[in-house]
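# Observations on the three-dimensional arrangement
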Amino acid sequence: MNERILIIEDDPSILKVLQRGLTYEGYQVDTATDGRTGLALARERSPDLVILDLMLPGMDGMEVCHHLRTGGNVPILMLTAKDTVQDRVQGLDAGADDYMVKPFNLDELLARVRALLRRTQSERVPVLEFADLTLDTGTRQAKRGERVFSLTAKEFDLLELFMRHPRQVLTREMIFDRVWGYDFGGESNVLEVYIRYLRQKLEAGGEPRLIHTVRGVGYVLREEP
């Protein structure tokens with residue numbers, strides 16, 4: 001399942017940039033322009049992460065942060081136009097996990113979002129499931145039906161990425177960024193090699209293909225049509 005991110009921000013231009021950037025990265029995005037609406041959305045839809053503006057009409061970001069914290073441990077990335085040590089300390093004391101000052105670099109914000117989500121995902125240690133495939137992110141054990149098979153570290157990272165974004169076409173660029181941390185460029189065939197390794201292990205018992213090539217774009221984890 002794609003991670004759900006709630007943005008609580010009253011500046012329409014910033015909200016638009018965040019919504020577009022996060023949606024492009026494959027996240028499900030909910031938005032609110034004031035604190036009370038944001039809190040109501042958080043209770044209704046249980047986001048995986050909240051991007052929260054400090055200066056909001058009505059209920060400010062500090063108060064929203066406090067309410068979110070008392071209701072659970074969702075990661076909170078706070079945005080503010082203020083850049084004093086006191087503001088940062090106040091935000092973190094209110095329960096924010098991270099803090100960014102406007103204007104911010106979108107790529108840096110996306111990297112911080114990924115880091116916060118990774119941290120909470122590793123704390124949850126879920127077992128991911130798709131069709132007859134299961135991946136235990138705690139023991140790092142993979143199974144196809146009852147057949148257990150082992151994965152190298154990079155194979156595990158690649159399969160985990162697919163299983164966290166089922167039926168979503170992942171571009172080569174996104175895969176390189178998430179699994180290797182940088183883009184190898186168009187010439188490298190390292191991704192094709194690892195896809196081949198994964199397919200061999202996933203299909204070793206004669207099972208139907210799950211990782212499909214989308215020509216000119218990337219790959220997708222889905223059942224056979």
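Scroll up for the structure.
Residues numbered from 1 in each chain as written. Predicted model: local features only at pLDDT ≥ 70, side-chain atom pairs only at ≥ 80, totals over all residues. Heavy atoms only, no water.

## Some remarks on the packing of helix H6 (residues 153-164) against helix H7 (residues 172-180)
Geometrically, a packed helix pair is captured by the angle between its two axes and the distance between the axes. Two elements in contact, H6 and H7, have axes whose closest approach is 10 Å; the angle formed by their N-to-C orientations is 125 degrees. In terms of orientation, H6 lies oblique with respect to H7. Here H6 and H7 pass one another in a crossing that is right-handed. Facing H6, whose interface residues are Lys 154, Asp 157, Leu 158, Leu 161 and Phe 162, H7 presents Ile 175, Arg 178, Val 179 and Trp 180. For the contact of H6 with H7, the residue count by class is six nonpolar, no polar and three charged. (Axes fitted to C-alpha atoms, helices over the stretch in contact; angles between N-to-C directions. Helix = DSSP H or I, 4+ residues; strand = E, 2+ residues; numbered from the N terminus. Parallel < 35°, antiparallel > 145°, perpendicular 65-115°, else oblique. Left-handed = near helix turned anticlockwise from the far one by under 90°. Contact = heavy atoms within 4.5 Å. Nonpolar A, V, L, I, M, F, W, Y, C, P; charged D, E, K, R; others polar.)

## Brief notes about the nonpolar core
Phe 162 and Ile 175 are the most contacted members of the largest nonpolar core, which has 28 residues in total. Taken together, the elements giving at least two residues each to this core come down to strand S6 (127-130), strand S7 (133-136), H6, H7, helix H8 (190-202) and strand S12 (218-221). For this core, the element with the highest residue contribution is H6, accounting for six residues. When neighbours within four sequence positions are excluded, Ile 175 is seen to be in contact with Leu 158, Leu 161, Phe 162, Leu 170, Trp 180, Leu 191 and Tyr 219. Counting residues in hydrophobic clusters, the runner-up holds 21 residues, among them Val 50, Leu 56, Val 74 and Ala 96. (Core = buried A, V, L, I, M, F, W, Y, C linked by side-chain atoms within 4.5 Å. Buried < 20%, exposed > 50% of the residue type's maximum accessible area, 1.4 Å probe, protein only.)

## Points about the packing of aromatic side chains
Enumeration over the complete set of coordinates arrives at one aromatic pair. Between the aromatic rings of Tyr 194 and Tyr 197, the centroid separation amounts to 5.7 Å while the plane-to-plane angle is 75 degrees, which identifies the pairing as edge-to-face. Residue Tyr 194 and its partner Tyr 197 are located together in helix H8, separated by three residues, close to a single helical turn. Exposure remark for Tyr 197: the relative accessible area of 36% places this residue in the partly exposed category. Between Arg 140 and the ring centre of Phe 156, over which it is positioned, the NZ or CZ distance is 3.8 Å. (Phe/Tyr/Trp six-rings, centres within 6.5 Å; stacked < 30°, edge-to-face > 60°. Lys NZ or Arg CZ within 6 Å of the ring centre and 35° of its normal.)

## Details of the side chain of Glu 25
Of note, Glu 25 is situated in the loop between helix H1 (12-24) and strand S2 (28-32). The class for Glu 25 is buried, based on a relative accessible area of 13%.

## A look at H6
Compared with an ideal rise of 1.5 Å per residue, which puts twelve residues at 16 Å, H6 spans 17 Å between its outermost C-alpha atoms and is within 8% of the ideal. The element H6 is largely enclosed, with a buried count of nine among its twelve residues. Listing the buried residues of H6 in full gives Glu 155, Phe 156, Leu 158, Leu 159, Glu 160, Leu 161, Phe 162, Met 163 and Arg 164. (Expected span 1.5 Å × (residues − 1).)

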